[in-house]
Amino acid sequence: ALPPYKDASAPVEARVRDLLARMTLREKAAQMAQIERTVASARALAELGAGSVLNGGGSAPGDRSPACWTGMIDGMQRLALSSRLGVPILYGTDAVHGHNNVYGATVFPHNVGLGTWRRRSIGSMDPELLRKIGEATALEVRATGIHWTFAPCVAVTEVCRDPRWGRCYESYSEDPEMVRSLTTSATGLQGQPPADHPHGYPFLASVREKVLACAKHFVGDGGTDSGINEGNTICSYNDLENIHMAPYLDCIAQGVATVMASHSQWNGERLHSCRYLLTDVLKGKLGFKGFVISDWEGIDKLCAPRVAQGSDYWYCIKQSFNAGMDMIMIPYRFEEFLEDLVFLVEAGEIPMSRIDDAVERILRVKFISGVFEHPFSDPSLLDIVGCKEHQLLAHEAVRKSMNQKEPFLPLATNVKRILVTGTHADDIGLQCGGWTIGWNGESGKITPGTSILEAIKESVGVQTEVVYEACATEATIATGQFSYAVVVVGEVPYAETVGDRTDLSIPFNGSDLITHVASTIPTLVIVVSGRSLDIETQVLETIDALVAAWLPGTEGMGIADCLFGHHDFVGTLPVTWHRSVDQLPLNAGDANYDPLFPVGYGLKMFEK
Ligand SMILES: OC[C@@H]1[C@@H](O)[C@H](O)[C@@H](O)c2nc(CNc3ccccc3)cn21
């Protein structure tokens, strides 16, 4: 007869208790480890029974095609199932704006662009589209055999509190209420729990079409002082709860399966070892019943700036687990971690009750995820990656994510000659931003898509000559006869600390190019960026229209839809657009709040 934990008809909690009772301490410790795919060996998975595998940003199998992913993960799963108790792994990845590590996947606008809908109509925004994006992402992630995405990032960035932070674009906005409403992306990913679903209990509607979500980074990652990534958020508990913790209430109510701890500190205390917030608040007060995972090398960083070695590593492991951490994104030092954790428990430094609580939570998520009954990928889903339906959804999302300054738009399609120029006019990689194929993203044709130039060419009339130069020359500008010019400039892609900047000028002398072109040609400027950039007064006075496209992803047609009037601009600024970096941090509500464009700016502000 099947052992109870393998009986799919048994209650989840009975299966958890039965399996837990059969596990050795070493097997329990292994379940609490998440390792990177490059070290997911037969020994790690079959002999030692690691609980989870991930790929870091940019780490991918073969040619990154969907079949390479299913092949890799199904192979890992076969090893895991051959372990003594046959506990399957959960594989996790950062699908944070579509399945962005996979070649050919639909890449949606980054969160900052999605937050622009906050005031599409008075006070409301468009959570329904967020839910659909979550659904589409879940399908593409599941199609590659992956069970879990480290999304949504529900950082409340306090007006992107500080655009010098390299992760502004991963957040929806500064408004907790707005961020709360956008947690519908978690519902799209996992499915909607039934009304009688127990509060805080992890939920997954369908093992075939949904994936486990991860609300991150708990808590206060978007409120650090001066926008320093992994820095220190200095605020009262009330502010922490009312601003930064607010979106977690909704995620937990929606049955979010996992929460990722933040590398940042709260009033100097590192979140990765903060028992009050991880256990008393998140698991106690908020009633979270899924599991808490660390961020990358989150344990090691507890000893920062020293590198955690030997007894220091013991100390980090002890502090984090006793604070309430359940799984560690190690990601490379697996066997050292295993030895150290077993040693610490046997030495009485970490109580077995804490280990059992962590493993119970991990097994609970594994059982509700369906991975015991359906451990392998479903090849019938493969064609869904990058499918037309998802491209159109991304197209709609892009269209709705842009803000415009003034009605120079819509652009005419039946003109003789137009100039398109700028570093970001014809570059899929630049318009996708970070966390795309590579961890920091990269320029060029990194994945299929429609560039802004291609979209403009598709939208204008056949009689219109489109002249394109990445950097318009004097000679070209002097030829004249341009009805208008479109100058597309912006940032190079980045992720996390790599994106922390104190200089927010438009890279590659973008302002000079704009002024040059706009001095003789009616000009629309499109800024492709993850945050507000410096736009000098003389630039603003010279141009005829300005569009913030944020980081739109692969579907450039969504931008052309609005440029040429096929659809209205509906986005309004989710964050303050600063006038000068000297003003930062600059928050709606500040006494001297004097931005270039305030939160909420956009069409609504211009209706005469
Ligand atoms: O990719 C896993 C996590 C991600 O979910 C977190 O949001 C983010 O804080 C995070 N940062 C890293 C470090 N990324 C990395 C990428 C390539 C090589 C080495 C490290 C991993 N992760």
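Residues numbered from 1 in each chain as written. Predicted model: local features only at pLDDT ≥ 70, side-chain atom pairs only at ≥ 80, totals over all residues. Heavy atoms only, no water.

1. Some points on the overall build of the protein chain
Part 1: For the protein chain, the helix and strand inventory stands at 22 helices and 17 strands.
Part 2: Relative to a compact globule of 608 residues, whose C-alpha radius of gyration would be 25 Å, the protein chain shows 25 Å and is just as compact.
Part 3: Within the span of the protein chain, comprising 608 residues, buried residues form 64% of the whole.
Part 4: Sequence-distant contacts, at least 24 apart, represent 77% of the contacts inside the protein chain between residues at least 6 apart.
Part 5: Carbon together with sulfur atoms contributes 53% to the accessible area of the protein chain, which is approximately 20500 Å² in total.
Part 6: Here the protein chain holds 50 positive side-chain charges and 73 negative ones, and the gap between their average locations is 4 Å. (Helix = DSSP H or I, 4+ residues; strand = E, 2+ residues; numbered from the N terminus. Rg over C-alpha atoms; globule rule 2.2 N^0.38 Å. Buried < 20%, exposed > 50% of the residue type's maximum accessible area, 1.4 Å probe, protein only. Contact = heavy atoms within 4.5 Å. Areas by Shrake-Rupley, 256 points an atom, 1.4 Å probe, with all protein chains shown as cover. Lys, Arg positive; Asp, Glu negative; His and termini not counted. Charge placed at Lys NZ, Arg CZ, Asp CG, Glu CD.)

2. Considerations on unusual backbone geometry
Leaving glycine aside, a negative phi is the common case for residues, and trans is the common case for peptide bonds.
Part 1: Geometrically, the link from I330 to P331 is a cis peptide bond, its omega value of -10° lying close to zero.
Part 2: P585 follows L584 through a cis peptide bond whose omega is -5°.
Part 3: As for its placement among the helices and strands, P585 is situated in the loop between α21 (557-563) and α22 (603-606).
Part 4: One non-glycine residue, F508, lies in the positive phi region at around 55°.
Part 5: Among the structural elements, F508 can be located in the loop between β15 (484-490) and α19 (510-518).
Part 6: Its relative accessible area of 52% is what places F508 among the exposed residues.

3. Looking at empty space enclosed by the protein
Part 1: Within the structure shown, the criterion is met by four cavities of 30 Å³ or more.
Part 2: What the largest cavity holds in volume is close to 170 Å³.
Part 3: The wall of the largest cavity is formed by 18 residues, among which V96, N111, I133, Y172 and S185 lie closest to the centre.
Part 4: Contributing elements (two or more residues each) for the lining of the largest cavity: α5 (111-114), α6 (127-143) and α8 (184-190).
Part 5: Broken down by element, the residue count for the lining of the largest cavity peaks at four residues, all from α6.
Part 6: Classifying every residue of the lining of the largest cavity gives 12 nonpolar, six polar and no charged. (1 Å grid on protein atoms, 1.4 Å probe; cavity = no way out; pocket = protein on both sides within 12 Å on 5 of 7 lines; lining within 4 Å. Points joined across faces, edges and corners; volume = space filled by probe spheres on them. Nonpolar A, V, L, I, M, F, W, Y, C, P; charged D, E, K, R; others polar.)

4. Details of the site of the ligand
Part 1: Lining the immediate environment of the ligand, one finds 14 residues, of which D94, R167, H217, D295 and E496 sit closest.
Part 2: One nitrogen or oxygen atom from the side chain of D295 is found 2.6 Å from an oxygen atom belonging to the ligand.
Part 3: Starting from 490 Å² of accessible surface for the ligand in isolation, the protein chains cover 85%.
Part 4: Because more than half of its atoms lie within 2 Å of the grid, the ligand is assigned to the largest pocket.
Part 5: Looking at the shell around the ligand residue by residue, the classes come out as seven nonpolar, two polar and five charged. (Near = heavy atom within 4 Å. Polar contact = N/O pair within 3.5 Å; in protein donor to acceptor, adjacent residues only side chain to side chain. Sits in = over half its atoms within 2 Å of the grid points.)

5. Quick look at the sheet that holds strand β6 (residues 232-233)
Backbone hydrogen bonds hold the strands of a sheet together, and the pairing may be parallel or antiparallel.
Part 1: Spatial strand order, β6-β8-β9: three strands in an open sheet with mixed pairing. Looking at strand neighbours, the two that pair on one side only are β6 and β9 (269-270), the edges of this open sheet.
Part 2: Where strand β8 (residues 265-266) and β9 come together, two bridges link them in antiparallel fashion. Looking at β9, one finds that Q265 is bridged to R270. (Pairing = 2+ DSSP bridges.)

6. Digging into the layout of surface pockets
Part 1: In this model, the largest pocket occupies a volume close to 300 Å³.
Part 2: What lines the largest pocket is a set of 21 residues, among which D295, W296, W435, W439 and E496 lie closest to the centre.

7. What to know about the state of the cysteines
Part 1: All chains considered together, the criterion is met by zero disulfides.
Part 2: The thiol of C214 is unpaired, and the distance to the nearest cysteine sulfur, on C251, comes to 9.6 Å. (Disulfide = S-S within 2.5 Å.)

8. As for the environment of S532
Part 1: Summarising the element assignment, S532 is placed in the loop between β16 (523-528) and α20 (537-542).
Part 2: The spacing of S532 and I506 is 26 residues in sequence and 9.7 Å in space, taken between C-alpha atoms.
Part 3: Beyond its immediate sequence surroundings of up to four residues, S532 is in contact with P163, L504, W550, T576, W577 and H578.
Part 4: Side chain to side chain, S532 and H578 meet in a polar contact 2.7 Å long.

9. Re the pairing of strand β17 (residues 545-548)
Part 1: Side chains A545 and V547 of β17 all project onto a buried face; the interleaved residues L546 and A548 project onto the opposite face, where all are buried too.
Part 2: In this structure, β16 lies alongside β17, joined through four bridges in parallel fashion. Bridged to V525 within β17 is L546.

10. Concerning the confidence of the model for the protein chain
Part 1: Chain-level statistics for the protein chain give a pLDDT mean of 92 and a share of 96% at 70 or above.
Part 2: Of all the helices and strands in the protein chain, α22 carries the lowest mean pLDDT, 43, while strand β10 (residues 291-293) carries the highest, 99.
Part 3: Here residues 118-125 scores under 50 on pLDDT; set against residues more than four positions off or in separate chains, the count is 23 contacts.
Part 4: Of the regions scoring below 50 in pLDDT, residues 604-608 engages in eight contacts with residues more than four places distant in sequence or in other chains.
Part 5: Here the predicted complex carries an ipTM of 0.97, next to a pTM of 0.84. (pLDDT = per-residue confidence, 0-100.)

11. A short note on the sheet that holds strand β7 (residues 258-261)
Part 1: Strand order in the open sheet made by the three strands is β5-β7-β10, with parallel pairing throughout. Either end of the sheet is taken by a strand with one partner, and the two such strands are β5 (214-218) and β10. Across the sheet, the axes of successive neighbouring strands diverge by a mean angle of 30°, strand direction being ignored.
Part 2: Alignment of β7 against β10, held across three bridges, turns out to be parallel. For M260, the partnering residue across the bridge sits in β10 and is I293.
Part 3: Taken strand by strand, helix α10 (residues 246-253) contacts β5 and β7, and its axis lies near 155° from that of β5. (Axes fitted to C-alpha atoms, helices over the stretch in contact; angles between N-to-C directions.)

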